Amino acid sequence: MSRIKAYLELIRYPLFAIPIVATLPGALIASDGRLTWRVIAALIIALFGYFAGMIKNDYFHRETDAYTNPNRPLPSHRLTPRQALVPASVIYATCVICGFLLSIKAGLLVMALVAISHLYNAFFKAKGILGSLTLPLGIGLLNIFGSLVVSNNIPRLVWYAFGATTLYDLGTHITTTFKDITRDEKHGIMTTPIQLGIRPALLLSAFATVLAFVVALLPYWLEPLEQKTYVVWVILGLLAAVITRVPLYLQPTEKNGYFALKGSMIGSILFFPCLMGAKLSVVACGAVILQLLFVTMLLLRTSSQEV
């Protein structure tokens, strides 16, 4: 049981909803709003690939974690590096194989996503703006992946979802690094606020976030949508971002950085899947989004795990 608990900590299980909501728009837009077995397959592959990335993150940063997060499974020696590396590699390989079984394009994209995850975890995470750009690109591409799994094509609406997700996650990645900025600076970990400076980093985060909402709203004016009520989720995501990030912009402290982190998780679950509302009713979207949000908040509260 202790080993199982250690693996659950490695994969950051309270964040399970992030790859799901990032994949759903592409998959459901491509399936015209139908929950097919291919939609489910895309979600499962994205979820396990995300978990593998989390494991690799702790594997590559185990020496730094020995100082900054000594209670995590690897620095606390509850798991060996090999016990992390092997399962993560097997999961990655399985995701690639499953991707190719579904379509050649999907398989190639899974390979690209694995490469992006590796670059981020092994090289770019502690390289300031490179890390802030790399990870959001991978999250945004999950929209494209979902679409390729379902239809082997990428409808124009999916590109809007890709742009909005990538930009929002860029803004999120920058703001969430503030929660450990003192610790990171002490141990020589280069994050975007440390590299660019606090105010320029906050300005970049705000610009990316505003642009994300603009991109998400463009289909409302430019595309012949079946459902335009998807803007409800855009507005809710915007409210979550404003309420939880304004304190950080006014006073960039670690406490406000952690508040922004919690708000970003709520905002992501509300905002990432918003464009699936172009194919589904508000009620159907709410049944998915609000349940994922509730479970996420419950897990974060009960797990007491630093994410």
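Shown above is the structure to which this text applies.
Residues numbered from 1 in each chain as written. Predicted model: local features only at pLDDT ≥ 70, side-chain atom pairs only at ≥ 80, totals over all residues. Heavy atoms only, no water.

1. Description of the nonpolar core
Move 1: Counting 82 residues, the largest nonpolar core has Phe145, Ile269, Phe271, Phe272, Cys274 and Leu275 as the members making the most contacts within it.
Move 2: Of all the elements, helix 3 (residues 37–60) adds the most residues to this core, at 12 residues.
Move 3: With residues near it in sequence (within four places) discarded, Cys274 still touches Ala216, Tyr230, Trp233 and Val234.
Move 4: Within the second largest apolar cluster, 5 residues are counted, among which are Phe178, Ile181, Leu248 and Ala260. (Core = buried A, V, L, I, M, F, W, Y, C linked by side-chain atoms within 4.5 Å. Buried < 20%, exposed > 50% of the residue type's maximum accessible area, 1.4 Å probe, protein only. Helix = DSSP H or I, 4+ residues; strand = E, 2+ residues; numbered from the N terminus. Contact = heavy atoms within 4.5 Å.)

2. Digging into unusual backbone geometry
Move 1: Even without being a glycine, Arg12 presents a positive backbone phi close to 55°.
Move 2: Within the secondary structure, Arg12 sits in the loop between helix 1 (2–11) and helix 2 (17–30).
Move 3: Overall, the relative accessible area of 4% leaves Arg12 in the buried class.
Move 4: Look at Asn152: it is not a glycine, yet its phi comes out positive at around 65°.
Move 5: The residue Asn152 is located in the loop between helix 7 (129–151) and helix 8 (156–176) in this model.

3. Here we look at the packing of aromatic side chains
Move 1: Per the counting criterion, the structure on display carries 8 aromatic pairs.
Move 2: Each ring, one from Tyr168 and one from Phe213, has its centre 5.9 Å from the other, and the planes form 85°; the classification is edge-to-face. Taken together, the residues span a long stretch of sequence, with Tyr168 in helix 8 and Phe213 in helix 11 (residues 198–222) at a distance of 45 residues. Side by side, Tyr168 and Phe213 carry an identical accessibility label, which is buried.
Move 3: Ring centres of Tyr168 and Phe271 lie 5.2 Å apart, and the angle between their planes is 40°; on these two criteria the pair is classed as tilted. Taken together, the residues Tyr168 in helix 8 and Phe271 in helix 13 (residues 254–271) connect sequence positions 103 residues apart. Across this residue pair, the class does not change: Tyr168 and Phe271 are buried.
Move 4: The ring of Tyr59 has Arg62 sitting right over it, with the charged end atom 4.4 Å from the ring centre. (Phe/Tyr/Trp six-rings, centres within 6.5 Å; stacked < 30°, edge-to-face > 60°. Lys NZ or Arg CZ within 6 Å of the ring centre and 35° of its normal.)

4. Here's the deal with the side chain of Asn256
Move 1: By the element assignment, Asn256 lies in helix 13.
Move 2: Residue classification places Asn256 among the buried residues on the basis of a relative accessible area of 14%.
Move 3: With residues near it in sequence (within four places) discarded, Asn256 still touches Thr244, Pro247, Leu248 and Gln251.

5. Describing a nonpolar patch on the surface
Move 1: On the surface, Val232, Ile235, Leu236, Leu239, Ile243, Phe259 and Val282 cluster together to form a nonpolar patch covering roughly 550 Å² of accessible area.
Move 2: By the element assignment, Leu239 lies in helix 12 (residues 231–250).
Move 3: Taking the relative accessible area as the measure of exposure, Leu239 reaches 45% and is therefore partly exposed. (Patch = residues over 30% accessible without salt bridge, like charges linked within 9 Å, V, L, I, M, F, W, Y side chains within 5 Å. Areas by Shrake-Rupley, 256 points an atom, 1.4 Å probe, with all protein chains shown as cover. Salt bridge = Lys/Arg side-chain N within 4 Å of Asp/Glu carboxyl O.)

6. Digging into the packing of helix 7 against helix 8
Move 1: One way to put it is that helix 7 packs onto helix 8 with a least axis distance of 8 Å and a crossing angle of 155°. Judged on the interaxial angle alone, helix 8 and helix 7 are roughly antiparallel. Every pair of crossing elements has a handedness; the one defined by helix 7 and helix 8 is right-handed. Between helix 7 and helix 8, the contacting residues are Gly131, Ser132, Leu133, Leu135, Pro136, Leu137, Ile139, Gly140, Leu141, Asn143, Ile144 and Ser147 on the first element and Val158, Trp159, Ala161, Phe162, Thr165, Thr166, Asp169, Leu170, His173 and Ile174 on the second.
Move 2: Within the contact of helix 7 with helix 8, the residues separate by chemical class into 13 nonpolar, 8 polar and 1 charged. (Axes fitted to C-alpha atoms, helices over the stretch in contact; angles between N-to-C directions. Parallel < 35°, antiparallel > 145°, perpendicular 65-115°, else oblique. Left-handed = near helix turned anticlockwise from the far one by under 90°. Nonpolar A, V, L, I, M, F, W, Y, C, P; charged D, E, K, R; others polar.)

7. Some remarks on helix 8
Move 1: Over its 21 residues, helix 8 extends 31 Å from the first C-alpha to the last, a length consistent with the 30 Å expected when each residue adds 1.5 Å.
Move 2: Most of helix 8 sits inside the fold, with 19 of its 21 residues counted as buried. (Expected span 1.5 Å × (residues − 1).)

8. Some thoughts on the pattern of salt bridges
Move 1: Inspection of the entire model under this criterion finds 8 salt bridges.
Move 2: Ionic pairing is found between Asp65 and Arg72, a salt bridge with its closest N-O pair at 3.5 Å. Like Asp65, the residue Arg72 is buried in the burial classification.
Move 3: Asp180 is the salt-bridge partner of Lys179, the closest N and O atoms lying 2.7 Å from each other.
Move 4: A residue is classified by how much of its surface remains accessible, and Lys179, at 13% relative accessible area, is buried.
Move 5: Judged by relative accessible area, which is 16%, Asp180 ranks as buried.
Move 6: One salt-bridge network, in which partners are shared between bridges, spans Arg12, Asp58, Asp65 and Arg72.

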